[in-house]
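Coordinate inspection notes
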Amino acid sequence: YIGGQHLADQIIIKPIFYKGKRVAWTGSFMHTAETGGIEPGGMPTSSTEIFHEGIRILGLKIVEAGKFRPEVFNTIVNQVRDPHLIGLDTKAKIAGNNVCAKRFLELIHKYGLSFVEKASLKIIEDSEKMARAKLQSLPNGRWKSRLYADYLNPVKRERGIFKVECTMTKEDDEIIFDFTGSSPQVEGSVNSTRAASWGQLFVTLSSQLFWNVPWNEGMIA
């Protein structure tokens, strides 16, 4: 409900500290192939509620003060069908965060904290300027799209149809997406939360419209 499309989207984040001050965050995010749900794999088609999708993990410290916590790790991997696969995925994400944190601190040691913080803000500001300039170069207008797709009702074991309707309005350096008219929530695993819908919009904008803009919050400010 918070940051992904479904429970298979598992994220591990790591705070980066410099001289006792948290100066940044880094994170690793991937689709997890097995979550211990009602069916093997990360996308159960027969689920009727989120509890069928697998274990729900909220804010566990798998590493604390730089030390790996095996009791938390074992609790997670022993609730899925393939503990070795999930264990390796989990440790890979931790390792990725550690490398990113190390490199970020190397930048601070080389250029100083003040410069790195100002440079980070400058990148975000530049992304916003580039994104707004791209929008300014395009004509104003309003466009509508309507798509239909089918889903499997896991209770009735019948196929159903749902509609996604989107109105995109572009005015000067702003763009608005309105999904009014789309189908309400259906029985099945095709529903999308607000966070997930926004994430899908970000993927579309960053890859199709702002492909030459550094990807950060500036491009969607």
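Scroll up for the structure.
Keep in mind the model is a prediction, meaning the values are calculated, not measured. (Residues numbered from 1 in each chain as written. Predicted model: local features only at pLDDT ≥ 70, side-chain atom pairs only at ≥ 80, totals over all residues. Heavy atoms only, no water.)

1. Side note on helix H4 (residues 194-209)
With 16 residues, H4 extends 21 Å between its outermost C-alpha atoms, agreeing within 8% with the 22 Å of an ideal straight helix rising 1.5 Å per residue. Where H4 is buried, its residues touch helix H3 (113-136) and strand S7 (174-178). (Helix = DSSP H or I, 4+ residues; strand = E, 2+ residues; numbered from the N terminus. Expected span 1.5 Å × (residues − 1). Contact = heavy atoms within 4.5 Å.)

2. A look at the nonpolar core
The biggest cluster of nonpolar side chains holds ten residues, and these are Ile12, Ile55, Ile62, Val72, Phe73, Ile76, Val77, Val80, Ile86 and Ile94. Secondary-structure elements contributing two or more residues to this core are helix H1 (70-77) and helix H2 (83-111). In terms of residue count, the dominant contributor to this core is H1 (four residues). In contact with Val72, other than residues within four places in its own chain, are Leu60, Lys61 and Ile62. (Core = buried A, V, L, I, M, F, W, Y, C linked by side-chain atoms within 4.5 Å. Buried < 20%, exposed > 50% of the residue type's maximum accessible area, 1.4 Å probe, protein only.)

3. Side note on the packing of aromatic side chains
Applying the stated rule across the entire model yields three aromatic pairs. Taking 5.5 Å as the distance between ring centres and 35° as the angle between the ring planes, the aromatic pair formed by Tyr111 and Phe115 counts as tilted. Note on Tyr151 and Phe162: the rings are 6.2 Å apart at their centroids and 55° apart in plane angle, and the pair reads as tilted. Here Tyr151, found in strand S5 (residues 141-153), pairs with Phe162, found in strand S6 (residues 158-171); they are eleven residues apart in sequence, far enough to count as distant. Like Tyr151, the residue Phe162 is buried in the burial classification. Here Lys91 stacks its cationic end above the ring of Phe73, 4.9 Å away from the centre of that ring. (Phe/Tyr/Trp six-rings, centres within 6.5 Å; stacked < 30°, edge-to-face > 60°. Lys NZ or Arg CZ within 6 Å of the ring centre and 35° of its normal.)

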